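Architecture at a glance
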There are 4 protein chains.
Amino acid sequence: MDDGKLAGLVSQAANYGLFDRLKTLRGLWRDIALSLGATPKIDPELPADDAALLRSQVQDCLQGRGGEVSARARAATLGRSYLGLSAVGRRNFMKMLADEFGTDPARIDKASADVAAAATPAERWAAERALRESLESPRQYLLTQFNALPEGVKFLVDMRAELLPLAKGDPAMQALEADLKELLAAWFDVGFLELQRITWRSPALILEKIMAYEAVHTIQGWSDLKNRLDSDRRLYAFFHPRMPDEPLIFVEVALVRGIAGSIHALLDEHAPVEDPKKADTAIFYSINNAQKGLVGISFGNFLIKRVVDSLSHEFPNLKTFATLSPIPGFRNWLDERLAAGDETLLEQAELRALAALAQDGKAGLAQLLEGRWPDDGAAVQALRLPLQRLCARYLLERRSGTARARDPVAHFHLSNGARMERLNWLADTSDKGIAQSAGMMINYLYKLSEIEANHEAYRGQGRIVTSAAIRALSKD
Amino acid sequence: MDDGKLAGLVSQAANYGLFDRLKTLRGLWRDIALSLGATPKIDPELPADDAALLRSQVQDCLQGRGGEVSARARAATLGRSYLGLSAVGRRNFMKMLADEFGTDPARIDKASADVAAAATPAERWAAERALRESLESPRQYLLTQFNALPEGVKFLVDMRAELLPLAKGDPAMQALEADLKELLAAWFDVGFLELQRITWRSPALILEKIMAYEAVHTIQGWSDLKNRLDSDRRLYAFFHPRMPDEPLIFVEVALVRGIAGSIHALLDEHAPVEDPKKADTAIFYSINNAQKGLVGISFGNFLIKRVVDSLSHEFPNLKTFATLSPIPGFRNWLDERLAAGDETLLEQAELRALAALAQDGKAGLAQLLEGRWPDDGAAVQALRLPLQRLCARYLLERRSGTARARDPVAHFHLSNGARMERLNWLADTSDKGIAQSAGMMINYLYKLSEIEANHEAYRGQGRIVTSAAIRALSKD
Amino acid sequence: MDDGKLAGLVSQAANYGLFDRLKTLRGLWRDIALSLGATPKIDPELPADDAALLRSQVQDCLQGRGGEVSARARAATLGRSYLGLSAVGRRNFMKMLADEFGTDPARIDKASADVAAAATPAERWAAERALRESLESPRQYLLTQFNALPEGVKFLVDMRAELLPLAKGDPAMQALEADLKELLAAWFDVGFLELQRITWRSPALILEKIMAYEAVHTIQGWSDLKNRLDSDRRLYAFFHPRMPDEPLIFVEVALVRGIAGSIHALLDEHAPVEDPKKADTAIFYSINNAQKGLVGISFGNFLIKRVVDSLSHEFPNLKTFATLSPIPGFRNWLDERLAAGDETLLEQAELRALAALAQDGKAGLAQLLEGRWPDDGAAVQALRLPLQRLCARYLLERRSGTARARDPVAHFHLSNGARMERLNWLADTSDKGIAQSAGMMINYLYKLSEIEANHEAYRGQGRIVTSAAIRALSKD
Amino acid sequence: MDDGKLAGLVSQAANYGLFDRLKTLRGLWRDIALSLGATPKIDPELPADDAALLRSQVQDCLQGRGGEVSARARAATLGRSYLGLSAVGRRNFMKMLADEFGTDPARIDKASADVAAAATPAERWAAERALRESLESPRQYLLTQFNALPEGVKFLVDMRAELLPLAKGDPAMQALEADLKELLAAWFDVGFLELQRITWRSPALILEKIMAYEAVHTIQGWSDLKNRLDSDRRLYAFFHPRMPDEPLIFVEVALVRGIAGSIHALLDEHAPVEDPKKADTAIFYSINNAQKGLVGISFGNFLIKRVVDSLSHEFPNLKTFATLSPIPGFRNWLDERLAAGDETLLEQAELRALAALAQDGKAGLAQLLEGRWPDDGAAVQALRLPLQRLCARYLLERRSGTARARDPVAHFHLSNGARMERLNWLADTSDKGIAQSAGMMINYLYKLSEIEANHEAYRGQGRIVTSAAIRALSKD
C-alpha cells in the first residue's frame with residue numbers, strides 16, 4: 001500500500017470520527033497519521049498522549065527542523081491547537097512549557113564558571129554573552145514564534161492573562177509568566193503604541209469593547225457612550241499596531257470650566273453640551289487598563305502625558321489638567337479602624353451627633369455608613385466633617401512597611417508627579433461610590449511645571465504632595 | 001540675583017556665542033546653565049567636557065529622575081544631541097557607552113554565586129532571574145528609551161550601521177553592538193513586518209529609496225524602475241510599522257513563461273509587456289537588504305515565502321518559483337586557482353583551444369577572461385564548456401573548514417530550502433557580470449514540497465541539493 | 001463719521017440686540033449695516049423685510065457681483081441663513097424662489113420665435129441652445145451655488161425633502177421642485193455612487209443611521225443590528241462621495257441554503273450563525289431608501305445588480321438570488337373588496353368553515369382578520385387556502401387604468417426583471433405583517449439569464465411574470 | 001440546429017477570424033451573431049456596416065431595452081467599442097451621434113406651440129418642462145450612460161478633447177460638443193472637486209502626469225520636480241472623485257521674502273531651501289490646466305482662492321499673495337506694430353542708441369530682438385527703458401472691439417480680481433521667455449480686501465487695475 005492510499009484511508013477515518021471512537025487504537029493511528037504529515041485532532045483536555053504529541057511539536061519547532069519559515073508555521077499550528085483546548089488542557093500545556101522547556105541548570109553553571117575564568121575583557125564579554133544565552137529558556141523562543149499567528153500578539157497577551165492566576169504559588173509557572181512578560185514588555189514598548197481618539201465615528205467593534213472594558217464608571221449602553229464622546233468630551237486610547245482592534249488602555253476626559261467636583265454632572269446624558277473652546281480645564285474622569293495580560297507593563301503615565309499634549313494643542317485655552325478619581329480603599333481602611341475600636345477616629349461632639357441619628361449610639365458611624373445615608377439630609381450634615389477628615393488622613397497613609405501611598409489610585413498619580421488637590425463631598429453617590437469611598441472623590445492635579453519635582457519628592461523622599469486644603473482637612 | 005535673571009543672562013550669552021568664544025569659561029558657564037535646566041550647545045567633535053555633559057545626561061536618564069515620562073523625554077534630547085555630532089563625536093559617544101555603561105562584574109559574580117547557592121526551585125528561579133538582570137547593561141535601557149524620538153527605530157538602526165565598522169577588534173564596542181542587535185532583533189521580529197507591493201502608485205519618496213538600495217542590478221533611472229513595476233513584474237518589500245518610509249528588504253519578480261535564463265531579457269525596457277495571467281513561472285531576479293543596521297537580523301527567507309504565497313493566490317497558473325541569481329564569488333575562486341597553478345582546471349584539448357585564441361598559450365584562460373570575450377564568437381565557443389564545468393565545481397565547494405557553500409548567495413538559498421537548478425551561459429554580460437561570474441547566472445528552484453527536506457539536507461547533513469544537470473556539468 | 005466707526009457702532013448695536021428691540025428702526029439699521037457689508041440677524045419666521053434682505057442677497061448672487069468665487073461664498077452665507085429659519089421661514093423663502101426667480105416668459109417666447117425663424121442648421125442649433133438657456137430658471141444657478149456649503153449636497157437633498165409636501169397643488173412650487181430634482185438627478189448619477197459594505201467595523205455614526213432608516217423590518221437595537229451584520233449576513237449601501245456620512249439606499253442580505261420563507265428565522269438573534277461559504281442562496285430581505293429628498297431618483301435596481309455581482313464574486317457557490325418581500329397592499333385591497341361585498345372572494349365551503357370560527361358567520365373573514373388569528377390553530381387552517389388564493393389574485397392585479405402591478409413592491413421588482421416565485425404562509429406574523437399582508441410574504445427571484453426578458457415582458461407588454469405555483473394558487 | 005449550437009459555431013468562427021476573412025459574408029454572420037447576443041469585432045475605421053451595428057446599439061441603449069441596468073451595461077460595451085476605434089473611426093462615430101441623435105425639430109416646434117397656448121400657470125409650467133425636455137437630445141442620455149465605464153468620467157473628458165478640434169465649422173458637431181460640455185459642467189461643479197497637496201510622497205503615477213502637464217515652465221526631470229516640492233514650495237491640484245489619477249488643474253507656489261522678480265531664482269535646484277515659516281510672500285509661479293477636455297469649464301479662480309486660504313492657515317506670517325506670470329502675447333503684438341511701421345514706438349534717442357548696436361539702424365529693434373540680446377550688456381541697457389514702456393502699454397491694451405485685456409493671462413487674473421503690480425526686467429531669459437515677452441514677467445497681486453472691487457471694476461467698467469509703477473512705465 002503506497003503512502004497516498006494510506007493517507008486517503010487515514011483522512012477517511014478522520015472524517016468518520018474513527019479517532020474519537022476507537023480510543024484504544026488512537027496511538028497507532030496517530031503514529032501513522034503523523035508519519036504522513038496529517039494533524040490529528042487534539043482532545044481539548046489534553047490527556048497524556050495528546051500532550052506527547054504537542055510536546056514533540058514543540059521540540060520540532062525548537063530544533064528549527066525544516067528551517068525558520070517552517071518552524072514558525074509549525075508554531076502557528078501549535079498555537080491553533082492551543083486555542084482549541086479547554087481551560088484544563090491549556091493549563092496542562094502551560095505546565096508542560098513551565099516544567100520541561102525552561103533553562104538548563106548545567107549549562108548555566110558551566111557558563112557561570114566560564115565567566116569567572118575569563119582572562120581578558122574580550123573573553124569576559126564573550127562569556128557573559130554565553131551566560132546570558134544560557135539563561136534564556138527554549139520556550140521563550142517558542143513564545144516568540146507564536147507571533148506567526150494572524151493574531152499572534154493578542155494570543156500571547158491572552159495566554160498571559162490566563163497564566164497569571166494559575167502561576168500563583170508555582171515557581172515554575174511564575175518563571176514561564178516572567179518569560180512571557182519580558183517578551184511582551186519589549187513588544188509593547190511605549191514608543192510603538194499609537195494614540196487614537198475614539199469618537200462616534202469609530203468602528204462599533206471598538207466602541208463595544210470600550211463599553212466592556214470600562215470598569216471605573218460603568219457605561220450603561222450606547223447612548224451613555226455617545227454622551228461620553230460628545231463635542232465637550234474626549235476619549236483616547238493606546239493601540240498596538242499588531243492588535244488594531246484592541247484598546248490597551250483608555251482615558252475619558254471632560255472639557256469644563258473649573259475643576260469638576262461631581263461625577264454625576266459629568267455623566268448626565270441630559271446635561272447641555274458645552275463649547276469645548278471655552279473650557280479652561282480638562283478633567284480625566286476615568287482611566288482603564290483593558291488587557292489583563294499586560295498587567296505590570298504600564299503606560300498609563302505616558303497616556304496622560306500624550307493626551308495632555310494633544311489637548312493643549314487643540315485647545316490653547318486649557319489651563320488646568322486634573323483627574324476626578326475614586327478613592328477605592330477608603331471604606332475598607334475605615335471599616336478596619338472601626339472594627340479595631342480606634343478611639344481617635346471621632347471627636348466627642350461628632351460621636352454625639354451621630355448617636356442622635358443612629359439607633360446604636362456607640363456604633364453610630366459604622367451603622368450609618370451601611371445605609372443610603374446620602375439621601376438623608378441630617379446624616380449628610382453630621383457625616384461631612386468627620387468623613388472628610390478621615391478620608392484626608394487615609395489618603396496620607398502608607399502601605400505598611402513602605403513609603404508608598406496606601407490608596408492604589410493615589411500611588412499611581414503621585415508616581416506620575418500629580419498632587420492631591422481637592423477632596424469632593426458627595427461626588428459619587430452611586431452605590432459603588434458609597435461603598436468604596438463614602439461618596440467622596442478626589443482631584444489629582446497635573447501641573448506641568450511641577451511634575452518632575454513631585455515625582456522626585458514621592459519616589460525619592462516618599463513625600464505625598466498635597467494641597468494646603470487637603471492637608472488642613474486631615475488635621476481638623 | 002534670582003534664577004530667572006541668571007537664566008536670562010545665560011541665554012543671552014548663548015545667543016552671542018559666548019560659550020564658543022570663551023573656551024576657558026565654558027566649564028563654568030555650563031555648570032550654571034545646567035543648574036538652570038538650559039541645554040548648552042554641544043561641540044560636534046565631543047571633546048572631554050562636552051562628553052562629561054552627555055555622560056551626566058545619560059546618568060540622569062538611567063536613574064529615571066523625574067519619572068519614566070521625563071526619562072524618555074531626556075533620552076530624546078540626548079538622541080538629538082547625538083544627531084548633531086560629527087563622525088568623531090559619535091564614535092566618542094558610543095565609546096563612552098561601551099566603556100562606562102556596560103554590565104557590572106561584581107554584581108554578576110554575586111548573582112552567579114546566588115544561583116549556585118539556591119536551595120529550592122523557587123530560590124533557583126529567582127536567582128536566575130536576578131543573574132539575568134545583572135547581565136543586562138544599563139545602556140540597553142538607554143537604547144530602548146531612544147524609541148521616544150519621532151524616528152526612534154530608524155535612529156537605532158542607523159546607529160548600529162555606524163557602529164558595526166567601528167566595533168571591529170574592540171570587545172567593548174562589540175558588546176555594545178550586541179546589545180543593540182538584541183534590541184533590534186526583538187523589535188524587528190518578522191511577525192511585525194508588513195509586506196507591501198511597490199508599484200508606480202507608490203510614493204516617489206519610497207521609489208527613490210528602492211533605486212538607491214538596489215545593489216544587484218543597478219536601476220538606471222525612473223524609466224528603468226517603471227519598467228520593473230510593469231504589469232508583468234512585481235516588487236515587494238518588508239516594512240516596519242515604525243519606519244514606514246524605509247524598505248527593509250525587497251525582491252523583484254518577473255512573471256514569465258519557463259525559467260528565465262538571461263537578465264538582459266528581463267531588464268530590457270523595450271521588451272513587450274506580457275500578460276501576467278498567462279505566466280507559469282515567477283523569477284526572483286533581485287533581492288536586496290536595504291538597511292545596513294539590520295545586518296544579521298534576516299528576513300529574506302520569510303520575504304520569499306510571503307511573496308510566493310501572495311503570487312500563488314493572485315496567479316493560480318504559476319507553477320514554478322525560481323530565482324535568477326548572480327554567482328558573485330566564482331571569478332575570485334577561479335583566479336585564485338589559476339594563480340596557484342592548479343593543473344586540474346583544464347583539459348589538454350581545452351588548453352590547446354584557448355592557446356589558439358590567446359597570445360600566451362599557457363596563461364590563455366586568465367588572459368582571455370580579462371577582456372570583453374563575450375563579444376568574440378570564437379572565445380565564447382572555446383570558453384563555454386570549461387567555464388561551465390568550473391563554475392559548477394565552484395558552486396559545490398564549501399567554505400574552508402565548514403559544511404557551508406562557499407558562494408554566499410548559494411548559502412542563502414540553500415539554507416532556505418531551494419535547490420540549484422540550472423546554470424545559464426551568457427546570462428549577464430554586463431561588465432560586472434563578466435568580472436564576477438564570467439557572465440553566468442544560476443536559477444535556484446523553490447519547490448514548495450521539497451523546501452523542508454532540502455533545508456534539512458543542507459543544514460543537517462551539509463548536502464548541497466542540485467539538479468542532475470548541474471551535477472553532470474561539474475563532472476564533465 | 002467714517003465707515004469704520006459706523007461699522008463699529010452697528011456691530012455694537014447688533015451685540016446689544018438693538019435690531020430686535022427697535023423693530024421700527026430695523027429697516028434703517030439694516031440698510032446701514034448692508035452698506036457696510038455686515039450680515040444682520042434674520043428673523044427665523046422670515047417676515048417681509050427679512051425676506052427683502054434675502055431677496056437682495058439672491059439677486060447679488062445671481063448677478064455674480066464680485067466674481068464667481070464671491071458669488072459662491074455669498075450663496076453659502078445665504079444657505080446658512082436658510083438653515084437658521086423655522087419651517088414657516090423656509091416655506092416663505094422657497095415660495096420666494098418659486099414665484100420670483102423662475103423663467104422669464106418673454107425671453108422664452110422670443111427664443112421660440114428665433115428657433116422658428118432659423119434659416120440654416122447653424123442658426124437653428126444656436127437658436128435651440130438659446131431657447132434651452134431661456135428655459136433654465138435663474139434659481140437653478142443659485143441652487144447649484146449652494147454646493148459651496150460644507151454639506152452642500154446634503155443641504156439640497158434636505159431642501160427637496162422639505163419642499164415635496166409643500167409643493168402639492170402649487171404649480172410654482174412644483175416647478176421649483178422639478179429644478180431641484182433635475183440638479184440632484186445629474187449629481188446622483190449612479191456612476192458616482194459608491195457601494196460600501198456595512199459591517200460591525202463601520203462607524204457607529206453610520207450604523208445609527210441604518211437603524212433609523214430601516215423601515216421594512218424595524219431594527220430593535222444594537223444587538224439586533226449586530227446580528228444582521230454577522231458572518232452569514234451582508235448589508236450593502238450606496239453612498240455619494242460628497243455625502244459620506246449618509247447612506248442613500250441599503251439592502252440587507254442573508255446567505256442561506258434554499259429560498260427562505262420566514263422573516264422570523266432570518267431575524268432571530270439566537271439562531272446559529274451558518275457558514276456563508278456553504279450557502280447556495282442569497283435572500284434580499286430588506287431594501288430601504290434612506291433619503292426622502294431623493295424620491296424619484298432611483299438606484300434600487302443598480303444596488304441589487306451591484307450586490308449580486310459582489311456576492312457572486314465572493315461566494316462562487318451562490319446559485320439563487322431572491323428577495324423575501326412584504327406585500328404591503330394586500331389587506332387594504334382585501335378590505336376594500338370585503339367592504340364592497342364581493343361575493344366571488346370565498347367559496348361556500350370556506351364561508352362555512354369561517355362561520356364556524358367567527359361569531360358572525362357572514363362577516364367571518366373580516367372579523368377573523370382583525371384579531372391575532374395566527375395564534376389560533378383552527379383559524380390558521382381555515383384561512384390558509386382562501387388567503388393564499390386571494391393574495392395571489394391581488395398580486396396579479398393592475399393599478400386601475402394602467403399595466404402596472406397594483407402592489408408597489410411587486411412593481412419595483414418586476415420592473416427590475418425579477419419574477420414572482422413563491423408565496424410564503426405565516427412568513428411574517430408580526431402585528432405589522434398581519435395588518436398589511438395577513439402574515440404572508442413573497443419571494444421575487446432574480447435569475448440573471450431572464451432579467452432582460454422579464455423586464456421587457458413587464459414594461460413592454462405589461463405581463464407579470466410568475467412561477468407556475470403562484471399562478472396555480474390564484475386559480476384555486 | 002438549436003441556438004446553443006449555433007452560438008458555438010459563431011464563436012468558433014470568430015476565433016478563426018472568419019469575420020475578417022470573409023468580408024462578403026460579414027453582414028450575414030453579424031446578423032446571426034447579434035441575434036445570439038454575441039459582440040462581433042468592430043473594424044477600427046468604422047466602415048458603414050460596422051457603423052450600422054453601433055447605430056443599432058445606440059438605439060437599443062436609448063430605448064432602455066431590458067431595463068436601466070442593461071442599458072447602462074450596453075453603453076459600457078459601446079464605450080469599449082469606441083475605445084477600440086482609430087481616429088477616423090471615432091470621428092465617424094461622433095459624426096453619427098451629431099447627425100442622427102440630436103433633437104427632433106418637429107417635437108420642439110410642437111412643444112413651443114404648447115407653451116404659447118398655455119392658459120394657466122400650471123399649464124404653462126408643464127408646457128415649459130415639456131419644451132425643455134424636447135430640447136434635450138437623445139445622445140445626451142447616451143453620453144450620461146457612459147459613466148458606467150470604470151473610467152467613465154475620464155472617457156467623456158477625453159472624448160470632448162478629441163471632439164473640440166473636429167467641431168470647428170461643423171454646427172452639428174458643435175451641438176454635440178455643447179451637449180458634452182453641459183454634462184461635464186454639471187459633473188465638474190467646483191463643489192465636487194478636491195484640493196490635494198502634491199508632495200514627494202505622492203504616487204509616482206501622479207507626479208509623472210504633473211511633469212507631462214506643466215506647460216508654463218517645463219519640468220526638466222525628476223530632480224527638477226523634487227525641487228519644486230521642497231519644503232519652501234507648494235504644489236496644489238484639484239481632483240475629481242471619479243478621476244482620482246488625473247489632476248485637473250494645478251498651481252505651483254514658492255514661499256519667499258518679498259515679491260519674487262525672477263523665475264530663474266525660483267527654479268534653481270541649487271538654491272538653498274528657505275524656512276517657509278519665515279516667508280512673508282507666496283508667489284504663484286505656474287498655473288496649468290491639465291485636461292483639454294475641460295476647456296471652458298474653469299476653476300482656476302477657485303483653485304487660487306482655496307490655495308490662498310490653505311496657505312494663510314498653515315503660515316500665518318504670509319502677508320502677500322502674488323503671481324510671477326508670463327506675458328505670452330507681448331512679442332507678437334510688438335512684432336505686429338514693428339511690421340506695421342508704427343512710428344510712435346520708439347523715441348529718437350532710443351532709435352539712435354539701437355542703431356548704434358544694430359547693423360541696420362532703421363530696423364534696429366526688430367533685429368536685436370531676434371538674437372540672444374540678454375547676453376550683451378550694451379543691448380540690455382539700450383533696450384530696458386523702451387521695452388518696459390512698450391510692454392506696459394501692451395498690458396493695458398484691449399482685445400479689439402472688447403473691454404477685455406488683450407493678454408490672455410492678464411485677462412484671467414484681472415477677472416479673478418487681481419491687479420497688475422510690478423513688471424520685472426530680465427525675469428525669464430530662457431529662449432521661450434525671450435521669444436514671448438522679451439524676457440519680462442509680471443506680478444499680479446491678489447489683495448483679499450480688493451478682489452471684489454477689482455473684479456467689478458474690470459468686468460463691470462472694463463477698467464484694468466494696475467499699480468502706479470506700471471501706469472508710470474506706460475507713460476514714460
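The model shown is predicted, which means the values in this text are computed figures rather than measured ones. Within any chain, residue numbers begin from 1 and follow the written order of that chain's sequence. All chains are assigned letters beginning at A, and all ligands numbers beginning at 1, according to the order in which they are written. Under the rules for a predicted model, residues below a pLDDT of 70 receive no local features and side-chain atom pairs below 80 are neither given nor counted, while totals for whole chains, interfaces and linings still include all residues. To get the side-chain values, all heavy atoms of the structure are used, and hydrogens and water are removed first.

Per the convention used, a helix needs a DSSP run of H or I reaching at least four residues, while a strand needs a run of E reaching at least two, with both numbered from the N terminus. The helix and strand inventory of chain A stands at 23 helices and 7 strands. Each principal axis of the C-alpha distribution contributes one length, and for chain A these read about 95 × 65 × 55 Å. Accessibility here uses a 1.4 Å probe with only protein chains present; expressed as a share of the type maximum, an area under 20% marks a residue as buried, one over 50% as exposed, and anything in between as partly exposed. The burial tally for chain A puts 51% of its 476 residues in the buried class. Residues are treated as being in contact if the distance between any of their heavy atoms lies within 4.5 Å. Contacts in chain A between residues at least 24 apart in sequence constitute 71% of all its contacts with a sequence separation of at least 6. Throughout, the Shrake-Rupley method with a 1.4 Å probe supplies accessible areas, and for residues the shown protein chains are the sole cover considered. Of the roughly 20,900 Å² that chain A leaves accessible, carbon and sulfur atoms contribute 54%. Positive residues here are Lys and Arg, negative ones are Asp and Glu, while His and the chain termini are left out of the count. By convention, the point assigned to a charge is CZ for Arg, NZ for Lys, CD for Glu and CG for Asp. On chain A, the mean spot of the 59 positive side-chain charges and the mean spot of the 62 negative ones are 2 Å from each other.

In this section: the confidence of the model for chain A. Residues shown with low pLDDT carry predicted positions that ought not to be read at fine detail. Per-residue confidence from the predictor is reported as pLDDT, which spans 0 to 100. A residue-level look at chain A finds 91% of positions with pLDDT of 70 or above and a mean pLDDT of 89. Per the prediction output, this complex has pTM 0.89; the corresponding ipTM is 0.86.

Residue and element names in this part refer to chain A. Look at helix H17 (residues 348-357) against helix H19 (residues 377-395): their axes get within 10 Å of each other, and the N-to-C directions meet at 145 degrees. For the element pair H17 and H19, the recorded crossing hand is left-handed. Each of Glu350, Ala353, Leu354 and Leu357 in H17 lies in contact with H19, whose residues at this interface are Ala378, Ala379, Ala382, Leu383, Pro386 and Arg389. Basically, the charged four are Asp, Glu, Lys and Arg, the nonpolar ten are Ala, Val, Leu, Ile, Met, Phe, Trp, Tyr, Cys and Pro, and anything else, Gly included, counts as polar. The residue inventory of the contact of H17 with H19, partitioned by class, reads 8 nonpolar, no polar and 2 charged. For every element, the axis is a line fit to its C-alpha atoms; helices are fit only across the contacting stretch, and the angle between N-to-C directions ranges from 0 to 180 degrees. The sense of a crossing depends on the near helix, which, turned anticlockwise from the far helix by less than a right angle, makes the crossing left-handed and, turned clockwise, makes it right-handed.

On to the pairing of strand E5 (residues 320-323) of chain C. Residue and element names in this part refer to chain C. In this structure, strand E4 (residues 281-289) lies alongside E5, joined through 4 bridges in parallel fashion. Directly across from isoleucine 283, in E5, lies its bridge partner alanine 322. Seen with its strands pointing away from the viewer, a crossover is right-handed when the path leading from the first strand over the helix to the second is clockwise. In this region the chain leaves E4, passes through helix H15 (residues 300-314) and returns to the parallel neighbour E5; the handedness of that crossover is right-handed. The pairing criterion is simple: DSSP has to find at least two bridges between the two strands.

Turning our attention to the interface of chain C and chain D. Many analyses report the size of an interface as the accessible area lost when the parts associate. Across the boundary between the two partners, chain C contributes 50 residues, which contact 50 residues of chain D. Reported buried area values correspond to the accessible surface (1.4 Å probe) lost by two parts on association, with both partners' losses combined. Across the interface of chain C and chain D, roughly 4,300 Å² is buried in total on both sides, 55% from carbon and sulfur atoms. Area buried by chain C at its contact with chain D is led by Arg132, Leu135 and Phe192 of chain C, which between them contribute 15% of it. Each reported salt bridge corresponds to a side-chain nitrogen of Lys or Arg within 4 Å of a carboxyl oxygen of Asp or Glu. Counting every contact that joins chain C to chain D gives 12 salt bridges. With a closest N to O distance of 2.4 Å, glutamate 182 of chain C and arginine 132 of chain D form a salt bridge. Going through the elements one at a time, helix H5 (68-83), helix H7 (105-117), helix H8 (121-134), helix H9 (138-145), helix H11 (171-187), H15 and helix H22 (451-461) of chain C are the ones with two or more residues in the side of chain C that touches chain D. Counting residues per element, the side of chain C that touches chain D draws most heavily on H11 of chain C, which supplies 8 residues.

Right, let's get into the relation of the copies chain B and chain A. When the copies are superposed, the least-squares fit draws on C-alpha atoms of residues that have pLDDT of at least 70 in both. When chain B is fitted to chain A, the residual RMSD is 0.1 Å, and the transformation amounts to a turn of 180 degrees plus an axial shift of 0.0 Å. Considering both components of the superposition, the chain copies are consistent with a two-fold axis. A share of 100% of the interface residues of chain B reappears at the interface of chain A, consistent with the copies meeting face to face through the same patch.

With that settled, consider the packing of aromatic side chains. Side-chain rings of Phe, Tyr and Trp (the six-membered ring for Trp) are treated as a pair once their centres are within 6.5 Å; stacked means planes under 30 degrees apart, edge-to-face means over 60, and tilted covers the remaining angles. Evaluation of the coordinates by the stated rule reveals 46 aromatic pairs over all chains. Taken together, a centroid distance of 6.4 Å and an interplanar angle of 85 degrees make the contact between phenylalanine 238 of chain B and phenylalanine 299 of chain B edge-to-face. Pair noted here: phenylalanine 238 of chain B is in strand E2 (residues 233-239) and phenylalanine 299 of chain B is in the loop between strand E4 (281-289) and helix H15 (300-314), with a separation of 61 residues, a long-range link. On the basis of relative accessible area, phenylalanine 238 of chain B is assigned to the buried category, the value being 0%. Here tryptophan 200 of chain D and tryptophan 222 of chain D contribute two aromatic rings whose centre-to-centre distance is 6.4 Å and whose plane-to-plane angle is 70 degrees, an arrangement assigned as edge-to-face. One end of the pair, tryptophan 200 of chain D, is in the loop between strand E1 (194-197) and helix H12 (204-213); the other, tryptophan 222 of chain D, is in helix H13 (residues 222-228), with 22 residues separating them in the sequence. With respect to burial, tryptophan 200 of chain D and tryptophan 222 of chain D carry one shared label: buried. Linked through ring pairs, Tyr82, Phe93, Phe146 and Phe155 of chain A together constitute an aromatic cluster. Positioned above the aromatic ring of tyrosine 82 of chain C, the side-chain terminus of arginine 90 of chain C is 4.9 Å from the ring centre. In this scheme, Lys NZ or Arg CZ marks a charge over a ring once it lies within 6 Å of the ring centre and within 35 degrees of the ring normal.

The next subject is the interface of chain B and chain A. Listed by partner, the interface residues are 50 residues for chain B and 50 residues for chain A. At the boundary of chain B with chain A, total buried surface from both sides reaches about 4,300 Å², with 55% on carbon and sulfur atoms. With its nearest N and O atoms 3.4 Å apart, the salt bridge here joins aspartate 109 of chain A to arginine 124 of chain B. Between N or O atoms, a polar contact is any pair within 3.5 Å; within protein, one atom must be a potential hydrogen donor and the other a potential acceptor, and residues adjacent in sequence are included only when both atoms are from side chains. One can count 30 residue pairs in polar contact (both at pLDDT 80 or more) joining chain B with chain A. Elements with a contribution of two residues or more to the side of chain B that touches chain A: helix H5 (68-83), helix H7 (105-117), helix H8 (121-134), helix H9 (138-145), helix H11 (171-187), H15 and helix H22 (451-461) of chain B. Element by element, the count of residues in the side of chain B that touches chain A is highest for H11 of chain B, at 8 residues.

Turning our attention to the arrangement of the chains. What separates chain B from chain C at the closest point of their C-alpha atoms is a distance of 14 Å, and the two make no contact. One finds no contact between chain A and chain D; the C-alpha atoms of the two approach each other to within 15 Å at their closest.

Least-squares fitting of chain C to chain D yields an RMSD of 0.0 Å, with the transformation described by 0.0 Å of translation along the axis and a rotation of 180 degrees. Of the residues that chain C buries at the interface, 100% are likewise interface residues in chain D, meaning the two copies contact each other through the same surface.

Before going further, it helps to examine the packing of H9 of chain B against H11 of chain B. Residue and element names in this part refer to chain B. Direction vectors running N to C along H9 and H11 enclose 45 degrees, while the axes themselves pass 10 Å from each other. Here H9 is positioned oblique relative to H11, judged by the angle of their axes. In the packing of H9 onto H11, the handedness of the crossing is right-handed. Together, Arg139, Gln140, Leu143 and Thr144 of H9 and Ala175, Leu176, Asp179, Leu180, Glu182, Leu183 and Trp187 of H11 make up the contact between the two elements. For the contact of H9 with H11, a count of residues per class yields 6 nonpolar, 2 polar and 3 charged. Each angle is binned into one of four classes, with values under 35 degrees roughly parallel, values over 145 roughly antiparallel, values of 65 to 115 roughly perpendicular, and all other values oblique.

Right, let's talk about the pattern of salt bridges for a bit. Residues and elements named next belong to chain B. Tallied over the entire structure, the rule returns 148 salt bridges over all chains. Across the pair aspartate 375 and arginine 372 runs a salt bridge whose closest N-O atoms are separated by 3.4 Å. Residue classification places arginine 372 among the partly exposed positions, given a relative accessible area of 36%.

It is worth spelling out the pairing of strand E3 (residues 249-256) of chain B at this point. The two faces of a sheet get side chains in turn, since along a regular strand they alternate between them. Residues and elements named next belong to chain B. In terms of burial, E3 is largely enclosed, as 8 of its 8 residues are buried. Along E3, one buried face is formed by Ile249, Val251, Val253 and Leu255 and the opposite face, lined by Phe250, Glu252, Ala254 and Val256, is buried too. Pairing of E2 with E3, which is carried by 6 bridges, proceeds in the antiparallel orientation. Directly across from phenylalanine 238, in E3, lies its bridge partner isoleucine 249. Pairing of E3 with E4, which is carried by 8 bridges, proceeds in the antiparallel orientation. Bridge pairing links leucine 255 to alanine 282 in E4.

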